[in-house]
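Close look at the chain arrangement
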Amino acid sequence: MAHQADQLDQDEPCCSICLEILKDPVTIPCGHNYCWSCIEWYWEREEEKKIYQCPDCRHRFEQKPDLVKNKMLEDEMEEQEMVGTQSDTDDHCSAGSKDVDCDFCTERKRKATMSCLQCLVSYCEQHLQPHYEVTPLKKHKLVVASAKLQEIICPRHNELMKVFCRTDHQCICYLCSMEEHEGHITVSAAVEMTKKQTEVRANLQKIKQGIQQREECLKGLEKEVDAINSSAEKAVEESEKMSAELVQLIEQNTADLKKQIISQQKIEVRRAMELENKQKKELTELRKKDAELEQLLHTTNETIFLQNSPSSSRIRKFKDVQINTRQFQYFKEVTTAVSEAMDKLKDSYMKEWNKISRAVVEVDCSLPQEPKKKCEFSQFSFPFTLDPNTANANLLLAKGNRKVIAVREALEYSDHPDRFMDKSQILSSESLTGRCYWEVEWSGLGAIIAVAYKDISREGEDSVFGNNDRSWAVECTFNGTFLFKHDSIKGHVTGPQSCRIGVFLDHKAGTLSFYSVSRTMTLLHRVQTTFTQPLYAGLSVRHFGSTVRVEFPRKLAM
């Protein structure tokens, strides 16, 4: 313990009893120091033995020494504590990785608190004092220290950029305004800032109004969602309650029918097993006889052959076996009867169910409405490119893969599993989900504008947009007519003749709309369904020289 205490004393004043820094230090007659409470506790343990000794050197005292606080040691410890506090303060003032360094500090960089726009320097608290005390420096403009101070200084002239060039829309210094920006429309940065602040405030006010309107709308929608959920839960409970008796009756009849079938099944299986065992026994005999006769045929000696050759009368005759296919249709009559009963039940039930289903569909929920004006559609503009790996060999891509041209000679595209083999079609590279809007401009003898699932067929007539249940398409013809196609079903749609078609997709709502676009937008056809996969934009040009190009209206500030 003495050795441990000596080691502790070399570092800092510590108590060898608690091994902590001394608290209320006292010195006993042998010269060792302890915490007042620790030595008292130590001697109280030895009170019954009437032994008082030093925990370190084991020096014994005839009677319990009087304890006196070591004032010198206490003062020394307080001084060390102050030094440590000062060190902590210095560390706190030191600049961290995210702080701005003081430009005046030479050895250890302190954290800058202010930056001077005249001196173009950042100062810590210590080096900032002259700006508060020296009269000429008091006029300097101070701002909160910023790491972006250099961004407001002209890199060419090292001057503060206090001028704004309206011609070039950039901040410059006064020297720039007299050199490369001479003759430009320039104002002070403060004037331009005031003007921009007015514009920003106006935009901010519009944004706040939009936020308020949408917050109110969200509150209304939340209440409506609660009402929808409550009403739907009640409808489900009622429908389940009313269906319970019907389900119970069907289950009971099904259970009875199952028992009858299983009983008859056991009888038929037993008969079949008996026949199976008989056939296995005869099969064994036939195989044995087959092996004997095969061996006999390989005998070359006439005498041995004749002696072992059995007469026809000695060979057992087996009846020919034929499988009656009707044997596998024992319960077909049962299945047919159940199917017929189910069909009749379905017909009767569906007549009433259709009424219920129509009532569910006609529930009016305030979901987001489809845009009406062209500027509203532009808010959902979704830029995408066309995928070269899907392009048919007779399609040439241009304009950054946003335009295709039908060519006569097949192009040498590399083999790819996504490529359309014999139809002049192409899909977009990006998938379409959420609410998306784009426009297609076509020229020539006609084009097909479509959306399709990724797994649409790549060859044959089933790969044509609209000839399958994996795609929805509008075909535009040179004579101004339009056809809508889906799952091989075609229908004429009416609308003004236009070489520009707008497509609006609301994947979640299951709506797909095609518009004839000119100065106004006219709806050609709207699809209402449930999309089960992400969709891809599709284009098709079948006639040599025809082109199609996708365009995306610029989103306007609301």
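Residues numbered from 1 in each chain as written. Predicted model: local features only at pLDDT ≥ 70, side-chain atom pairs only at ≥ 80, totals over all residues. Heavy atoms only, no water.

- As recorded in an unreviewed UniProt entry, the protein goes by the name Tripartite motif-containing protein 16-like, listed as coming from Channa striata.

Topic: the packing of aromatic side chains
- Within the structure shown, the criterion is met by 13 aromatic pairs.
- Taken together, a centroid distance of 5.1 Å and an interplanar angle of 40° make the contact between phenylalanine 377 and tyrosine 437 tilted. Taken together, the residues phenylalanine 377 in helix H10 (residues 374-377) and tyrosine 437 in strand E14 (residues 435-443) connect sequence positions 60 residues apart.
- You can call tyrosine 437 buried: its relative accessible area is 0%.
- Between phenylalanine 384 and tryptophan 438 the ring centres are 5.6 Å apart and the planes differ by 80°, which places this aromatic pair in the edge-to-face class. Placement of the pair is phenylalanine 384 in the loop between H10 and strand E11 (395-398) and tryptophan 438 in strand E14, with a sequence separation of 54 residues. The pair formed by phenylalanine 384 and tryptophan 438 is uniform in burial state, with each residue classed as buried.
- An aromatic cluster is present here, built from Phe377, Phe380, Tyr437, Phe504 and Tyr515 joined pairwise through their rings.
- Across the ring face of phenylalanine 380, the terminal group of arginine 435 is positioned such that the distance to the ring centre comes to 4.9 Å.
- Cation over ring: arginine 458 sits above phenylalanine 420, and NZ or CZ is 4.9 Å from the ring centre. (Phe/Tyr/Trp six-rings, centres within 6.5 Å; stacked < 30°, edge-to-face > 60°. Helix = DSSP H or I, 4+ residues; strand = E, 2+ residues; numbered from the N terminus. Buried < 20%, exposed > 50% of the residue type's maximum accessible area, 1.4 Å probe, protein only. Lys NZ or Arg CZ within 6 Å of the ring centre and 35° of its normal.)

Quick notes on a negative patch on the surface
- Taken together, the side chains of Glu233, Glu237, Glu238 and Glu240 define an acidic patch exposed on the protein surface.
- Within the secondary structure, glutamate 240 is located in helix H7 (residues 189-297). (Patch = residues over 30% accessible without salt bridge, like charges linked within 9 Å, V, L, I, M, F, W, Y side chains within 5 Å. Areas by Shrake-Rupley, 256 points an atom, 1.4 Å probe, with all protein chains shown as cover. Salt bridge = Lys/Arg side-chain N within 4 Å of Asp/Glu carboxyl O. Lys, Arg positive; Asp, Glu negative; His and termini not counted. Charge placed at Lys NZ, Arg CZ, Asp CG, Glu CD.)

Considering the environment of glutamine 63
- Along the chain, the position of glutamine 63 falls in the loop between strand E4 (60-61) and helix H3 (71-93).
- Residues glutamine 63 and tyrosine 52, eleven residues apart in the sequence, show an inter-C-alpha distance of 6.7 Å.

Thoughts on unusual backbone geometry
- We note that aspartate 487 has phi near 55°; this positive angle belongs to a residue other than glycine.
- In this structure aspartate 487 comes out as partly exposed when scored by relative accessible area, which is 39%.
- Although it is not a glycine, serine 488 adopts a positive phi angle of roughly 70°.

Observations concerning helix H2 (residues 36-45)
- Within the sequence span of H2, burial applies to Cys38, Ile39, Tyr42 and Trp43. Take H2 and look down its axis: the buried residues cluster within an arc of 125°, on one side only. With respect to the buried face of H2, the exposed residues turned more than 90 degrees away are Ser37 and Glu44.
- Buried residues in H2 make contact with strand E1 (25-27), strand E2 (33-35), strand E3 (52-53) and E4. (Arc of directions from axis to C-beta. Contact = heavy atoms within 4.5 Å.)

Quick word on the sheet that holds strand E17 (residues 482-486)
- Here we have six strands laid out as an open sheet, ordered E13-E22-E15-E16-E17-E18, and antiparallel in their pairing. Only two strands of the sheet have a single partner each, and these edge strands are strand E13 (425-427) and strand E18 (489-493). In this sheet, adjacent strand axes meet at a mean angle of 20° when their direction is disregarded.
- In terms of strand pairing, strand E15 (residues 446-453) meets strand E16 (residues 471-477) through seven bridges, oriented antiparallel. If you follow glycine 446 over to E16, its bridge partner there is threonine 477. (Pairing = 2+ DSSP bridges. Axes fitted to C-alpha atoms, helices over the stretch in contact; angles between N-to-C directions.)

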